[in-house]
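Given next are the chains, with one letter for each unit.
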Amino acid sequence: MVLLELFLSFMKIGFFSFGGLTMIPVINDEVLVHGWMTADEVMDIVAVAEMTPGSLGINCATFVGLRTAGVIGAFCATLGVMMPSLTLCMAAAHFLIKLKGSTIMESAMSGVRPVSMGMLLAVVVTLSQTTFWVEGAALAFESIRWNLVVIAAICGIFMFRFRLTIPKTILLAAVLGLFMG
């Protein structure tokens, strides 16, 4: 039963997200609803999935499946998250070739951009809740993890100002975390 739930949940994640960081809120919701992990564990899985080579969705599916039901669970979750992408890519390639140069197609593609930005904003809000705030703190000021806010701000500034690559940004965050953690 768990294997089927893993497959169907990650197939749903594959169908209802655009890949990459936009998958995080959907993965978070699915994993928490099924009780497979806590919010902090999901955040850790996402961090590890980001640092390892490969697709974020496939890495998360593999890690969640492995943690939940072993190697077979990892296989089922990974197959589930890949199934929609493969199916939709084959169908999209067929129609894109037929509709190349169509004004309707160009209009539809321009509508995808704002939706993607909204999903990225949802990722920021979701991850900020578990990263920067401590639950149950007595005062509002004490509920903020200021060291993590400073690390994120410094990394953001360096990333945009000096055009740091993702591996260099992760290394900078790790070094700052060692000193400010």
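See the structure above.
Predicted, not measured: the structure shown is a model, and the values here were computed from it.

This next bit is on helix 3 (residues 39-51). Relative to the 18 Å expected for 13 residues at 1.5 Å per residue, helix 3 spans 19 Å between its end C-alpha atoms, a close match to the ideal helical length. Here helix 3 has its buried residues at Val-42, Ile-45, Val-46 and Ala-49. Viewed end-on, helix 3 has its buried residues packed into an arc of 100 degrees, placing them on one side of the element.

Of all hydrophobic cores here, the largest spans 21 residues; its most connected members are Phe-10, Ile-13, Ile-27, Val-31, Cys-60 and Val-64. Contributing elements (two or more residues each) for this core: helix 1 (2-15), helix 2 (24-34), helix 3 and helix 4 (56-98). Here the element with the most residues in this core is helix 4; it accounts for six residues. Discounting residues that sit within four places of it in the chain, Phe-10 has contacts with Ile-27, Trp-36, Cys-60, Ala-61, Val-64, Ala-77, Gly-80 and Val-81.

What follows deals with unusual backbone geometry. Even without a glycine there, the phi angle at Arg-163 is positive, about 55 degrees. The exposure class assigned to Arg-163 is exposed, which follows from its relative accessible area of 68%.

A word on the packing of helix 1 against helix 4. Relative orientation of the contacting elements helix 1 and helix 4 amounts to 40 degrees, with a least axis distance of 7 Å. If you check the angle between helix 1 and helix 4, you find them oblique. Pair helix 1 / helix 4 crosses with right-handed handedness. Looking at the contact of helix 1 with helix 4 residue by residue, the classes come out as 20 nonpolar, five polar and no charged.

Parameters at a glance
Residues numbered from 1 in each chain as written. Predicted model: local features only at pLDDT ≥ 70, side-chain atom pairs only at ≥ 80, totals over all residues. Heavy atoms only, no water. Helix = DSSP H or I, 4+ residues; strand = E, 2+ residues; numbered from the N terminus. Expected span 1.5 Å × (residues − 1). Buried < 20%, exposed > 50% of the residue type's maximum accessible area, 1.4 Å probe, protein only. Arc of directions from axis to C-beta. Core = buried A, V, L, I, M, F, W, Y, C linked by side-chain atoms within 4.5 Å. Contact = heavy atoms within 4.5 Å. Axes fitted to C-alpha atoms, helices over the stretch in contact; angles between N-to-C directions. Parallel < 35°, antiparallel > 145°, perpendicular 65-115°, else oblique. Left-handed = near helix turned anticlockwise from the far one by under 90°. Nonpolar A, V, L, I, M, F, W, Y, C, P; charged D, E, K, R; others polar.

Read these as geometric descriptors, not functional statements.
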